[in-house]
Amino acid sequence: MTFALREPWRTRVLWLSIAGNLFGATLIGAHVAAGSPGPPGLAGAAERMARDLPPADAVRFRGMLDRERPWYDMARRRMAEARADLASSIAANPYDEAVVRERMVAYQARWAETSGRFGESLLTAIGTLSPEGRIKLAETTKHSGPR
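In terms of regular secondary structure, the protein is built from 6 helices and 0 strands. The order of helices and strands in the protein, counted from the N terminus, is α-α-α-α-α-α. Relative to its full complement of 147 residues, the protein shows a buried share of 20%. Accessible area of the protein: about 10,900 Å², with a carbon and sulfur share of 63%.

Here it is as C-alpha cells:
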C-alpha cells in the first residue's frame with residue numbers, strides 16, 4: 001500500500017508552522033522564566049544589585065543609593081541631551097568631523113562624570129552592608145553584565 005500526497009506543500013507548511021510555534025513558545029517561555037530585568041539606567045542597576053541582598057542590607061543599600069536619585073535623574077537627562085547633540089551632528093549635512101568630535105568628547109565627559117559619581121555612591125552603599133551582604137553582592141556582580 002502506498003500513500004500519495006496530492007498536495008505536499010500543505011504538509012510542509014504544516015510542519016513549518018508547528019516548528020515556528022514551538023520556537024516562539026520557547027522564546028516566550030525563556031523570557032518569562034528569566035524574569036524582568038528591571039528598570040533601565042542607574043536605578044535599574046542599583047535595584048538589580050539589591051535584589052539578592054539580605055532584607056536589612058537591601059534596605060540600607062537602597063536607602064543610600066536613593067539619596068542620589070535626584071542627581072541620577074539629572075545625569076540621565078544630561079546624558080540624553082549630549083547623546084542627542086552627538087546624533088544630530090553625525091546626521092548633519094554637510095558632515096563636520098570637528099563638530100562630531102567635540103560632541104563625542106562632551107558625551108564621553110558626561111558618561112565619565114555619571115559613572116564616577118555612581119561609583120562613589122556605590123562604594124558608600126557597599127560600606128553599609130554586612131559581610132553576608134557583601135558576599136551576596138559580589139556573587140551578583142560576578143554574574144551580571146554583558147555575556
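The next point concerns helix α4 (residues 69–91). Relative to the 33 Å expected for 23 residues at 1.5 Å per residue, α4 spans 33 Å between its end C-alpha atoms, a close match to the ideal helical length. Listing the buried residues of α4 in full gives Trp71, Tyr72, Ala75, Met79, Ala82, Leu86 and Ser89.

The subject of this paragraph is the environment of Thr114. Here Thr114 lies in helix α5 (residues 97–126). Given the relative accessible area of 8%, Thr114 is considered buried. When the C-alpha positions of Thr114 and Ala75 are compared, they lie 6.2 Å apart, and in sequence the two are 39 residues distant.

A full pass over the atoms with the stated rule returns 2 aromatic pairs. Put simply, the rings of Trp71, Tyr72 and Phe118 pair up and form one aromatic cluster.

In this structure, the amide linkage connecting Asn93 to the following residue, Pro94, adopts the cis form with an omega of 10 degrees. The residue Pro94 is located in the loop between α4 and α5 in this model.

For the coordinates displayed, the defined rule picks out 7 salt bridges. Of the charged contacts, one joins Arg110 and Glu113 as a salt bridge, the two residues approaching to 3.2 Å between their closest N and O atoms. Of this pair, Arg110 and Glu113 both sit in helix α5, 3 residues apart, which is roughly one turn of the helix. By relative accessible area, Glu113 is classed as partly exposed at 33%.

A few words on helix α6 (residues 131–142). With 12 residues, α6 should cover 16 Å at 1.5 Å per step; its first-to-last C-alpha distance of 16 Å lies within 8% of that length. Within α6, burial applies to Gly133, Leu137 and Thr140. Projected down its long axis, α6 carries its buried residues within an arc of 60 degrees, all on one side. Exposed residues lying more than 90 degrees from the buried face of α6 are Pro131, Ile135 and Lys142.

With that out of the way, let us pick up the side chain of Glu68. Locating Glu68 in the fold gives a position in the loop between α3 (55–66) and α4. Judged by relative accessible area, Glu68 falls into the buried class, the value being 18%. Beyond its immediate sequence surroundings of up to four residues, Glu68 is in contact with Arg117 and Ser121.

Here we take up the confidence of the model for the protein. Residue-level pLDDT values for the protein average 79, and 69% of them are 70 or greater. Per-residue pLDDT stays below 50 along residues 30–34; that stretch engages in 0 contacts with residues further than four places along the chain or on separate chains.

Turning to the nonpolar core, a few remarks are in order. If you look at the biggest cluster of nonpolar residues, it comprises 17 residues, and the most contacted ones within it are Met49, Leu53, Phe61, Leu65, Phe118 and Leu137. Those elements that provide at least two residues to this core are α2 (41–50), α3, α4 and α5. Sequence-distant contacts of Phe61, that is, excluding residues within four places in its chain, are made with Ala46, Met49, Ala50, Leu53, Leu122, Ala125, Ile126, Thr128, Leu129 and Leu137.

Conventions used here
Residues numbered from 1 in each chain as written. Predicted model: local features only at pLDDT ≥ 70, side-chain atom pairs only at ≥ 80, totals over all residues. Heavy atoms only, no water. Helix = DSSP H or I, 4+ residues; strand = E, 2+ residues; numbered from the N terminus. Buried < 20%, exposed > 50% of the residue type's maximum accessible area, 1.4 Å probe, protein only. Areas by Shrake-Rupley, 256 points an atom, 1.4 Å probe, with all protein chains shown as cover. Expected span 1.5 Å × (residues − 1). Phe/Tyr/Trp six-rings, centres within 6.5 Å; stacked < 30°, edge-to-face > 60°. Salt bridge = Lys/Arg side-chain N within 4 Å of Asp/Glu carboxyl O. Arc of directions from axis to C-beta. Contact = heavy atoms within 4.5 Å. pLDDT = per-residue confidence, 0-100. Core = buried A, V, L, I, M, F, W, Y, C linked by side-chain atoms within 4.5 Å.

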